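# Topology and contacts: notes
Each chain is listed here by its residues.
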Amino acid sequence: MQALSKAKLRLFRSLRGKKQRQKERLFTVEGEKLVQEALNSQFEVKGVVLREDVQERYLKDLLFQESQILNLPLWLTSSKDYREISTLENSEGILAVIRLPKEELRDTLPVGPGFILDTLQDPGNVGTILRIADWFGMPNVLFTQGTVDLWNPKTLRASMGAIFRIKPYRIKNEREFILRFASRIWLADMEGVPLPKSQMKWEDFILLGNEAQGLSPHMKEDLAHRRVSIPGFGGAESLNVSVAAGILAYELCRDRERE
């Protein structure tokens, strides 16, 4: 174990910003659960930062003893310095620094089922959708170029570790992509066919639009015959996009059970 240097402190503090994450090809996750998930994943963990008041607790923890943490650099830091790199108001005092995976652009549709996220901007929504995909066994999630950064700390926390199991892809030439694979894509749209009457299949993908503006106009036009809606019976204007994702994913799961 070694003290966290001022240079490392500045570096890890800078990773709170997207530009620096991309420049350094590093990101961080914070809290015991996410650090455990990272250590148990195929991601390259570069090291772990411990706040000095919690070091004994974590180093004696059986789960950490059985993981690769003892073979990694361990940096010890004061409470004051830890607050500079933390993104949480009430932190557990443990943080992992991880190599940012290479972004993969996709021009073919992978194995379904999955979600396609079109310019979603709320990191909490995106992280929750990753968690939903993980729960229902949806291995791939695709994103248009305008979607929020996956490695945003809020996205990572909301995913509850799903980010380490779901394969994310950015879509290359999105309109061409949607048209090419239209037979396997459904648009979540309030004007679509009611979900119970849809013909969604387990291998299909569900396209979810921006929280405020909905789906891109050209997508609604290109997939006019592939729109699906969730019937509502109360007075709410709409559903949160991650709530809608959960309902739609469950319907896909039911199709698998029927086969």
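Scroll up to find the structure.
For the structure given in this document, a descriptive report is provided here. (Residues numbered from 1 in each chain as written. Predicted model: local features only at pLDDT ≥ 70, side-chain atom pairs only at ≥ 80, totals over all residues. Heavy atoms only, no water.)

## Re the overall build of the protein
The helix and strand inventory of the protein stands at 11 helices and 12 strands. If one aligns the C-alpha atoms of the protein with their principal axes, the spans along those axes are about 60 × 35 × 35 Å. When burial is assessed residue by residue, the protein has 51% of its 259 residues classed as buried. Long-range contacts, defined here as pairs at least 24 residues apart, represent 83% of the contacts in the protein between residues at least 6 apart. Counting every atom, the protein has about 13,200 Å² of accessible surface; 49% of that belongs to carbon and sulfur. (Helix = DSSP H or I, 4+ residues; strand = E, 2+ residues; numbered from the N terminus. Buried < 20%, exposed > 50% of the residue type's maximum accessible area, 1.4 Å probe, protein only. Contact = heavy atoms within 4.5 Å. Areas by Shrake-Rupley, 256 points an atom, 1.4 Å probe, with all protein chains shown as cover.)

## Focus on the nonpolar core
Of all hydrophobic cores here, the largest spans 51 residues; its most connected members are F27, V29, I98, F115, L117 and L208. With six residues, the top contributor of residues to this core is helix α11 (residues 241-258). Excluding residues within four positions of it along the chain, L208 makes contact with F115, I116, L117, D118, L120, I129, A188, L215, V241, A245 and L248. If you look at the next biggest cluster of nonpolar residues, it comprises 16 residues, including Y169, I178, A182 and M219. (Core = buried A, V, L, I, M, F, W, Y, C linked by side-chain atoms within 4.5 Å.)

## Some words on the sheet that holds strand β11 (residues 205-208)
Strand order in the open sheet formed by seven strands is β6-β9-β8-β7-β11-β10-β12, with parallel pairing between adjacent strands. Bordering the open sheet on either side are β6 (105-106) and β12 (227-229), each of which pairs with just one other strand. Direction of pairing for strand β10 (residues 185-194) relative to β11: parallel, over a ladder of three bridges. Residue pairing in the sheet places W186 in a bridge with I206 of β11. (Pairing = 2+ DSSP bridges.)

## Topic: the sheet that holds strand β1 (residues 2-3)
Across the sheet, which stays open at both edges, the five strands sit in the order β1-β4-β3-β5-β2 with mixed pairing between neighbours. Of all strands in the sheet, those bounded by a partner on one side alone are β1 and β2 (26-30). By the bridge criterion, four bridges tie strand β3 (residues 45-51) to strand β4 (residues 74-77) in an arrangement that is parallel. Among the inter-strand pairings, V49 is bridged to a residue of β4, identified as W75. Helix α3 (residues 32-39) rests against β2, β3 and β5 (94-99) of the sheet, and its axis sits at about 35° to β5. (Axes fitted to C-alpha atoms, helices over the stretch in contact; angles between N-to-C directions.)

## Focus on helix α7 (residues 123-135)
The terminal C-alpha atoms of α7 lie 18 Å apart, and with 13 residues this matches the ideal 18 Å at 1.5 Å per residue to within 8%. Those residues of α7 lying buried are P123, N125, V126, G127, I129, L130, I132 and A133. In this structure D122 caps α7, since a side-chain oxygen of it lies 2.8 Å from the backbone nitrogen of G124. Where α7 terminates, the next one or two residues include G137, which has phi positive at roughly 70°. (Expected span 1.5 Å × (residues − 1). Polar contact = N/O pair within 3.5 Å; in protein donor to acceptor, adjacent residues only side chain to side chain.)

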